[in-house]
Amino acid sequence: MKKAMKIVLAVAMILSMGGIAAASDFNAQGSVVVPGIINMVTSGHWQSPYMVLSNITDKTISCKVTAYDHDGNDVTNSYGEVITGGSGQPTVIAYGTGEFEIPAYSTRTFYLSHSGASRYIMGYAKIEWKSTDTKLKYALIGSMFRNRIYNGRVSEADVPINNGQPF
């Protein structure tokens, strides 16, 4: 009986380690959680969170944003978009993903698209980053810009991520 119990415990330990390894495949050097994500699309009304992320280092940073709905489901691949500035218009550089690079001293924006079918998503996001320079401790600063249009009226708010401190 003791031998069977040891085998069960050993198998459980191995399986739990496998889950940990799978969850950390990005190997982030830094991360932050952003609460209060709301993505709403209905007739005549939309609301979207824009996470504006700036790389404050002289190295290119790999970034991963994962957005979760009210049940903890990852909605990044369904609605995630990454944009950069442009001449008069933002330029979409990635759609259906939360993984992208931010060049040295540059800024990119991740948001949940406000196009497509009606939906109401509320939850949170996790922002992670890594660099080839393993000595970096902080690489990003950011804010979450909330944009809402309701029957032609626009409201906006800007909330610093991590209280405006580098992460």
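Preceding this paragraph is the structure being described.
Procedures and definitions
- Residues numbered from 1 in each chain as written.
- Predicted model: local features only at pLDDT ≥ 70, side-chain atom pairs only at ≥ 80, totals over all residues.
- Heavy atoms only, no water.
- Pairing = 2+ DSSP bridges.
- Helix = DSSP H or I, 4+ residues; strand = E, 2+ residues; numbered from the N terminus.
- Buried < 20%, exposed > 50% of the residue type's maximum accessible area, 1.4 Å probe, protein only.
- Lys, Arg positive; Asp, Glu negative; His and termini not counted.
- Salt bridge = Lys/Arg side-chain N within 4 Å of Asp/Glu carboxyl O.
- Polar contact = N/O pair within 3.5 Å; in protein donor to acceptor, adjacent residues only side chain to side chain.
- Contact = heavy atoms within 4.5 Å.

Draft legend 1. Spotlight on the pairing of strand E8 (residues 119-130). Bridging between strand E1 (residues 30-42) and E8 involves eleven bridges; their strand directions are antiparallel. Across the sheet, the residue bridging to glycine 30 is tryptophan 129, located in E8. Pairing geometry for strand E3 (residues 61-68) and E8, over seven bridges, is antiparallel. Following the sheet pairing, alanine 67 is matched in E8 by alanine 125.

Draft legend 2. Spatial organisation of the side chain of arginine 108. Examined against the element boundaries, arginine 108 turns out to sit in strand E7 (residues 107-112). For the buried residue arginine 108, which engages in no salt bridge, the nearest side chain bearing the opposite charge is glutamate 101, 8.7 Å off. In this structure the side chain of arginine 108 is engaged in a polar contact, spanning 3.1 Å, whose partner is the side chain of threonine 84. Once you skip the residues sitting within four places of it in the chain, arginine 108 turns out to touch Met51, Val52, Leu53, Val82, Ile83, Thr84, Ile93, Phe100, Glu101, Ile102 and Pro103.

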